[in-house]
Each structure stands twice: as structure tokens, then as C-alpha cells.
Amino acid sequence: MVTVAEFRMPSLGADMDEGTLLEWQVHPGETVRRGDIVATVDTSKAAIDIEVFEDGVIDDIVVPAGSHVPVGTVLAHITPPEPAAAPVSQQPEEPQPKVVRPKQEATKQKEPKQKEPKQKEAALREEVPAPRVRSRMVRVEAERLGIDLAAVHGSGPRGLITREDVKQAALHRRRARSSPYARRRASELGIDLRSVAGSGPGGAVRAADLIQAAQPVPPPAEAPASVEAEIPSPARVEAHGAEERAARQLAMRQAIGALMARSKREIPHYYLSTTIDLAPATSWLRARNAGQPPGEQLTAAALLFKAVALACREVPEVNGFWLEDHFVKSEAVHLGIAISLRGGGLLAPAIHNADTLAVAELMSGLRELVSRARTGRLRSAEMRDPTITVTNLGERGVESVLGVIYPPQVALVGFGKVVDRPWAVDGMLAVRPVVTATLAADHRASDGHRGGLYLEAIDRLLQEPEEL
Amino acid sequence: MNPDQARTAIAEALHAIAPDIEFDDLDPDEGLRRQADLDSLDFLSFVEELAQRTGSQLTEDDYPALDSITGAVNLLTTRTHAVG
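Residues numbered from 1 in each chain as written. Chains lettered and ligands numbered in written order. Predicted model: local features only at pLDDT ≥ 70, side-chain atom pairs only at ≥ 80, totals over all residues. Heavy atoms only, no water.

Caption draft 1: The pattern of salt bridges, seen in detail. Residue and element names in this part refer to chain A. Overall, the coordinates contain 19 salt bridges over all chains when judged by the stated rule. Where Asp49 meets Arg377, a salt bridge forms, and the shortest distance between an N and an O atom there is 2.4 Å. Of this pair, Asp49 sits in strand β5 (residues 47-51) while Arg377 sits in the loop between α9 (359-374) and β16 (378-379), placing them 328 residues apart in sequence. Under the relative-accessibility criterion, Asp49 is labelled buried at 2%. For Arg377, a relative accessible area of 30% gives the class partly exposed. Arg313 is the partner of Asp355 in a salt bridge, and the nearest nitrogen-oxygen pair spans 3.0 Å. You can see Asp355 sitting in the loop between β15 (350-351) and α9 and its partner Arg313 sitting in helix α8 (residues 300-314), a full 42 residues away along the chain. Owing to a relative accessible area of 7%, Asp355 belongs among the buried residues under this scheme. Through salt bridges with shared partners, a single network forms among Glu368, Arg372 and Glu382. (Salt bridge = Lys/Arg side-chain N within 4 Å of Asp/Glu carboxyl O. Helix = DSSP H or I, 4+ residues; strand = E, 2+ residues; numbered from the N terminus. Buried < 20%, exposed > 50% of the residue type's maximum accessible area, 1.4 Å probe, protein only.)

Okay, structure coming up:
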């Protein structure tokens, strides 16, 4: 027997205890590959696209879109790909009039081969496909939700309509398909997504569609009771636009507050600070950027972050997690980047394996991450696993920042603004660009001596930028 | 490129990076980074957008001029004249 994998509500950061399943991007019977985005989950901070971590076929969807569930809740079951045998079916085989599913579904690998000629196919689709429902439960459910079964797309074997299909139909009637960015924009603009004609795949609403968006219409009155208990979605009627924004702001502040309070309560922080001469780094950058188009240019942040990641190899006590009363060192350096969101709030997604990336790669990773963080298109893996975080608040003009560690991480590096300062070089006074680097570290995992070595390593690495 | 075209390109490039900023509310002679709260990455993306929209080559030496709307309009009008 094949083991069915459970796809669970992921934890997208230590501040997340529960999440709202905003939207399924797949439906039962669909084949997925590792890395595919299968769902969009709303945390209190952002809508995150969730990837699947194994190949297989979506078996059934346990939690419908709109549900608010704790982290770890089974959302769906995924059947691993079987060694080219018969199609997986939960129901016993029994004689069925063959009904062909629409052509778009041809890519779904689980579908049994259909042999009917084209004309017959058309004819079958034309008539009311009464035999597509086998279970009485499905009919009962459809009746309860006020769904016309003839209009429902069947995802089961041979196009059979499952209970899940009925639920999905009910949900889609109320919930417009849309991209996370479109949702965010719609919320900002106070537009009801359901009132917008989508031009994206499958009629999905894209941000561009919002511009032409007409006045919102009231939501359909026949909303089924079973999905009524959903939390406020980013898309709501205009009257609630401002309220909605305020609520989301509040939710984000509460999430940040809860996490930071936990950090301050549980983590015995110690703080270190050092001033680093950035003259070699800035002149290297100037030479490197000369004549380059803006898309190819590097900023000082790329060098600073690379040094932070590399230094973790020298002092591994700062890179990892404090879990159940002991430090779990991480071999990989997934560098969390604190990104302030326009309009308020903070996210700290990771650049994976930052220590192994060339500076230019790290830079493009950084650009991409920032742009996706701000447009609400982060992926679950990025939110889940930073092993150390860096904040570059110097961008906002301050000279030094003493951070609060993101649990369960054990360290946070802060950089202030790069400023010109009098600096002693070989017994002479010079004016040099310098930056204040700070370390907030968990005393349970390391002590000031090791922390000092860590900051010193960052300093040393930055003196030879060409080696980074 | 005339000043109006340059201004439109700047407004569009800025909107792509900072959609929350009302272009007409900005002081054309004041620093764009400060007014629109752009960090260095945002600013780089802004310049990149601007280069794409106008087809002009913009490098690091141009950044000081590009940090105000007036400066950027001047730069873009002379630059696109010189090239075209």
C-alpha cells in the first residue's frame, strides 16, 4: 500500500500559531510536484504561497478555503506517485457511464484514458450529466448549499463529483480567484474582488483588473452557513475597506508584539557593538558598480549580509535554533532579512544558503525577496526557516540598532547607517566611511566572548571585500 | 524626451516601487528618497524602472541628480537629447 502524506498548515515563523487557508491552488486529483504552490495562507502578517514538499496527487482536501485553523492541522492528503500502476481511486471500481472531462483537464495524469470519439464527447458534455454523482451525501450537501450539480466540475475518477467539489463550488461562488498582490491592492483600494472581472488564468483577478473595477456589488445572500465562520478576508466590500486595513494593521502589530514579548521574556539577550571601517568595501563597490546598469549594481547591504553569513561558519553558536532547552546548530545559513513593509509592519524572510552565494547572487536574491515581501508574494519556505536574522535599519538613517531576537533563533545582527567619521589609520587621522555593527545574541547559546569573535569575523571579512 | 514625458516616466517608475506614494504631493525639489521613504534597494529599483521606461543609460554617477523630481527631469531630457 502507498502511504498517504499529510499536508499540514505550516508554521511560517515563530509568531504564527494559526493561519487562514485563503485559497487552494489545486483540486483533488491534481498532480503536484515538489515546490509547486498548492495553497495560499494568510497569516496575520501577509498572504504566503505554500509549497508542497513531495511529488504526488492531491487525494482529498480536508480543510476548505476560508477556514482558520491551528498550525499542524492536516489540510489535505497527498498520495505519492505510484510505480505506474492503476490510477488511485478511493472508491471501489464499479460500472460507470463514461463521461469525458473538459479538455483543459487532459494534463491531469490521474485521469483514465478516454477513447470516445470527439462527437460523442461533445454530446456527453451537452446533456445533463446526471450519472456523475454516486454518493447520496454529495446530493444532500449540494442541496444544502444550494449548488446545481449540473454546473459542478467533477474531480473524482471519471469526472465523478465529490463532496469536496460541491464545497469548492460553493466557495468559488463567493470567493473570487485572485493573486495575493491583487488581494492586497483590492484591500487597499477598498474594492470587492468578487465584483471584478478577472483576466488572469481561470478568470483570476489580477492587480491590473482592479483599475477598471466597477463599484462593488453586495455579496450574494445565500452564503452557506458552513463557511460563514471564516475570518475577514482581504477582499471585502468597500464600506469595510478602511476598517479592514485597520484590522490587518492591528493583527500585524499584535503578531509582532506577541513574538517580541516572547523573545524578551524567554531569551536572555546580550548585546555587543563594534564600529567597522567600510573604506575597502565602499571603494570596491564603487569600482564594481562603475558603468553598470542599475539592475546589475550592488549595494553595501549585499557585502554586509555576505559577511554576516560567512562569519556564521566561524562562530556557529549564533546560527541555529534554541529548541526544548538546548541549542540546535544549523549547518546551513539561511539569512533572515528584516524587511519593513510600506504602510507599516515587518517581515523577516530568508535568503537560503546565503553563505554559499556569490555577492551578486545574494544581491539579486535580496532584490527579489524585498520586492516579493512588499507585494505579498512570499513563499512558505522563506518564512519558515531563517537561522539568523539581519536588520539594516541604517537605511532609515539611524546609526545603530540593537535588535530583538526572533525566537527560536539565537542571534540578530544589526547595521546602522554608513557615515563618514574621523578614523585613526596608521597613527594618522583620516575620514573614513564606517558602520556600527551590533549583535543581539542568546546567552543560553553563546556568551559575550564568542559573540565578540563573531562581530570581529564580520569586520575582518569586510576588510577584503573581493574575497566575499 | 520632453519634460512632460520625463515627468510621466518618473511618476510611473515611482509608482512601481512605492504604490502608496501620491506623486502629485511630492515636492519636486526635495529629496525623493526621503519623501517617498525609499531605502537604497528601493532607489536602485526605481532607477532601474526609470532606465527601462526611458531607454536611457543611468549609472551610479547619476544618482544624486535622480534624487529629486526636478533633477531627474533635467537629467532625462538632456540625456535622451544627447543620445537621440
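After that view of the structure, there is still more to cover.
Caption draft 2: Summary view of α9(A). In this model α9(A) runs 22 Å from its N-terminal to its C-terminal C-alpha over 16 residues, within 8% of the 22 Å that 1.5 Å per residue would give. Listed in full, the buried residues belonging to α9(A) are Val359(A), Leu362(A), Met363(A), Leu366(A), Arg367(A), Leu369(A), Val370(A), Arg372(A), Ala373(A) and Arg374(A). (Expected span 1.5 Å × (residues − 1).)

Caption draft 3: Fine view of the interface of chain A and chain B. In this assembly, 18 residues from chain A lie in contact with 23 residues from chain B. Here chain A and chain B share an interface that buries about 1,600 Å² over both sides, 46% of which is from carbon and sulfur atoms. For the chain A face of the interface with chain B, the top three residues by lost area are Pro294(A), Arg342(A) and Arg396(A), together amounting to 38%. Across the chain A-chain B interface, the total number found is one salt bridge. Between Arg367(A) and Glu48(B) there is a salt bridge whose closest N-O contact spans 2.7 Å. Inspection of the region where chain A meets chain B yields three residue pairs in polar contact (both at pLDDT 80 or more). Elements with a contribution of two residues or more to the side of chain A that touches chain B: α7 (279-289) and α9 of chain A. Class assignment for the residues of the side of chain A that touches chain B results in five nonpolar, six polar and seven charged. (Contact = heavy atoms within 4.5 Å. Buried area = accessible area lost by both parts, 1.4 Å probe. Polar contact = N/O pair within 3.5 Å; in protein donor to acceptor, adjacent residues only side chain to side chain. Nonpolar A, V, L, I, M, F, W, Y, C, P; charged D, E, K, R; others polar.)

Caption draft 4: Local environment of the environment of Ala65(B). Residues and elements named next belong to chain B. Tracing the chain through its elements places Ala65 in helix α4 (residues 63-66). On the accessibility criterion, Ala65 (29% relative accessible area) is partly exposed. In sequence terms Ala65 and Leu75 are ten residues apart; their C-alpha atoms lie 7.0 Å from each other.

Caption draft 5: Quick look at the side chain of Thr77(B). All names here are of chain B. With respect to the element layout, Thr77 can be found in helix α5 (residues 69-83). For Thr77, a relative accessible area of 12% gives the class buried. Polar side-chain contacts of Thr77 include one of 2.9 Å to the backbone oxygen of Asn74. Not counting the four nearest positions on each side in its chain, Thr77 is found in contact with Met1, Asn2, Pro3 and Ala6.

Caption draft 6: Summary view of the packing of aromatic side chains. In the structure shown here, the tally under the stated rule is three aromatic pairs over all chains. A centroid spacing of 6.2 Å and a plane angle of 55° characterise the contact between Phe7(A) and Trp24(A), whose relative ring orientation is tilted. One end of the pair, Phe7(A), is in strand β1 (residues 5-8); the other, Trp24(A), is in strand β2 (residues 18-24), with 17 residues separating them in the sequence. A single burial state applies to Phe7(A) and to Trp24(A), both of which are buried. Taken together, a centroid distance of 6.0 Å and an interplanar angle of 40° make the contact between Phe43(B) and Phe46(B) tilted. One end of the pair is Phe43(B) and the other is Phe46(B), both in helix α3 (residues 40-54) and three residues apart, which spans about a single turn. No difference in accessibility class separates Phe43(B) from Phe46(B), as the two residues are buried. (Phe/Tyr/Trp six-rings, centres within 6.5 Å; stacked < 30°, edge-to-face > 60°.)

Caption draft 7: Spatial organisation of the confidence of the model for chain A. For chain A, per-residue confidence averages 77 on the pLDDT scale, and 69% of positions sit at 70 or higher. This stretch, residues 85-131 of chain A, has a pLDDT under 50; its non-local contacts, to residues over four places away or in other chains, come to 56 contacts. (pLDDT = per-residue confidence, 0-100.)

Caption draft 8: Here's a closer look at the pairing of strand β11 (residues 326-329) of chain A. Residues and elements named next belong to chain A. One ladder, built from four bridges, connects strand β10 (residues 320-323) with β11; its direction is antiparallel. The residue bridging Phe321 from the neighbouring strand is Val328, located in β11. Taking the residues that link successive antiparallel strands as the turn, the β10-β11 hairpin has two residues, and the phi of Glu324 there is positive, at about 45°. (Pairing = 2+ DSSP bridges.)

Caption draft 9: Representation of α3(B). Residues and elements named next belong to chain B. If you check α3, its first and last C-alpha atoms are 21 Å apart, about what 15 residues at 1.5 Å a residue would give, namely 21 Å. Residues Ser40, Leu41, Asp42, Phe43, Leu44, Phe46, Val47, Leu50, Ala51 and Thr54 constitute the buried set of α3. N-cap assignment for α3: the residue whose side-chain oxygen lies 3.1 Å from the backbone N of Leu41 is Asp39. Following α3 by one or two positions, Gly55 adopts a phi angle in the positive range, close to 70°.

Caption draft 10: Molecular detail of the sheet that holds β1(A). Residue and element names in this part refer to chain A. Spatial ordering of the open sheet is given by β1-β8-β6-β3, a layout of four strands whose pairing is antiparallel. Edge positions in the open sheet fall to β1 and β3 (31-32), since each of these has one partner strand only. Two strands pair when backbone bridges link them, and β1 and strand β8 (residues 74-79) are joined in this way by four bridges, in the antiparallel orientation. The partner of Phe7 across the bridge, within β8, is Ala76.

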